[in-house]
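Survey of secondary and tertiary structure
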Amino acid sequence: MASSNSKITNETARKNFKILLSNPRTAVSWVKAHASNIGNERADQLAKDATQHGQPYSLIKLPKPDIKGLLRKTMLEEWQTSWKNGDTCRKIYNIMPSVSLPPTNWIREDGIFFSQHGPFPAYLKRFHLSDNDFCSCGGISTALHYATECIYIVSWHMMKPAPNFEQEWLKRVANNLVSRHTIRGIIKFMSENRYLFRPP
């Protein structure tokens with residue numbers, strides 16, 4: 001290490017080493033370059049970006065809360081861009097287009113319903129696990145079908161939205177705890193009684 005060599009005069013290297021020595025829980029190890037180490041590759045990319053597009057280095061010392069705030073803001077911006085431009089989870093994106101750190105308090109059944117990745121023949125057909133996308137009652141087996149019109153789940157039915165309001169309906173259901181409890185009941189019932197929903 002730089003500070004262990006008496007010939008090294010780099011003050012920054014010596015300061016960093018002193019900081020590391022004062023924090024015994026921090027471990028430092030050598031990482032081989034260009035060996036597909038994700039963290040190392042990311043650090044290299046960030047260093048290159050900083051030299052090409054970064055702001056000039058300033059000696060102004062920011063308080064830790066300010067640094068944390070800046071890092072949080074940057075992280076959320078990158079996350080939001082990735083979420084907006086992604087090509088997966090688009091059904092969930094349509095319901096929750098903005099990222100946030102507070103949890104949604106969704107459980108497994110919520111995710112299954114709103115992503116439509118569950119015991120729905122329309123979903124299973126995509127993976128050749130079902131011959132068609134019909135419910136055994138004859139309807140197209142979307143999540144909306146089970147929540148509003150399947151004859152096998154009448155006791156959990158909610159009012160069916162007009163076709164041009166389906167997305168708004170899903171958003172309202174996702175943000176309403178009582179509606180989500182209904183959705184959870186539907187998914188649990190379907191999971192426990194799969195034979196009822198097999199296509200004819």
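Please read these numbers as outputs of a predicted model, since none were measured by experiment.

About the thresholds
Residues numbered from 1 in each chain as written. Predicted model: local features only at pLDDT ≥ 70, side-chain atom pairs only at ≥ 80, totals over all residues. Heavy atoms only, no water. Helix = DSSP H or I, 4+ residues; strand = E, 2+ residues; numbered from the N terminus. Expected span 1.5 Å × (residues − 1). Buried < 20%, exposed > 50% of the residue type's maximum accessible area, 1.4 Å probe, protein only. Contact = heavy atoms within 4.5 Å. Polar contact = N/O pair within 3.5 Å; in protein donor to acceptor, adjacent residues only side chain to side chain. Domains from an automatic or database assignment. Patch = residues over 30% accessible without salt bridge, like charges linked within 9 Å, V, L, I, M, F, W, Y side chains within 5 Å. Areas by Shrake-Rupley, 256 points an atom, 1.4 Å probe, with all protein chains shown as cover. Salt bridge = Lys/Arg side-chain N within 4 Å of Asp/Glu carboxyl O. Phe/Tyr/Trp six-rings, centres within 6.5 Å; stacked < 30°, edge-to-face > 60°. Lys NZ or Arg CZ within 6 Å of the ring centre and 35° of its normal.

1. Describing helix 9 (residues 177-192)
When the terminal C-alpha atoms of helix 9 are compared, their 22 Å separation across 16 residues agrees well with the 22 Å that a helix rising 1.5 Å per residue should span. Every buried residue belonging to helix 9 is among Ser179, Arg180, Thr182, Ile183, Arg184, Gly185, Ile186, Ile187 and Met190, and all of these are buried. Packed against the buried residues of helix 9 are helix 5 (108-115), helix 7 (143-148) and helix 8 (166-174). Of the residues flanking the start of helix 9, the one acting as N-cap is Asn176, its side-chain oxygen 3.0 Å from the backbone nitrogen of Val178.

2. Observations concerning the domain arrangement of the protein chain
Assigned domains within the protein chain: domain 1 (11-53), domain 2 (61-102) and domain 3 (104-196). For domain 1 and domain 2, the distance between their C-alpha centroids amounts to 24 Å.

3. Comments concerning a nonpolar patch on the surface
A cluster of nonpolar side chains, namely Ile60, Leu62, Ile67, Leu70 and Leu71, defines an oily patch on the protein surface of about 500 Å² accessible area. Mapped onto the secondary structure, Ile60 falls in the loop between helix 2 (38-53) and helix 3 (64-85). The exposed category is assigned to Ile60, whose relative accessible area is 67%.

4. Observations regarding the packing of aromatic side chains
Under the definition given, this model contains nine aromatic pairs. Consider the rings of Phe189 and Phe197, whose centres lie 6.1 Å apart with planes at 85°: the pair is edge-to-face. Of the aromatic side chains, those joined through ring pairs into one cluster are Phe120, Tyr146, Tyr152, Trp156, Phe189 and Phe197. Across the ring face of Trp83, the terminal group of Arg90 is positioned such that the distance to the ring centre comes to 5.2 Å. Geometry around Tyr93 places Arg90 over its ring, the cationic atom sitting 4.5 Å from the centre.

5. Focus: unusual backbone geometry
The phi dihedral of Gln116 is positive, around 60°, even though this residue is not glycine. Position of Gln116 among the secondary structure elements: in the loop between helix 5 and helix 6 (121-126). Overall, the relative accessible area of 21% leaves Gln116 in the partly exposed class. Of note in this structure, His128 is not a glycine but carries a positive phi near 60°. Looking at where His128 falls in the secondary structure, it is placed in the loop between helix 6 and helix 7. You can call His128 exposed: its relative accessible area is 74%.

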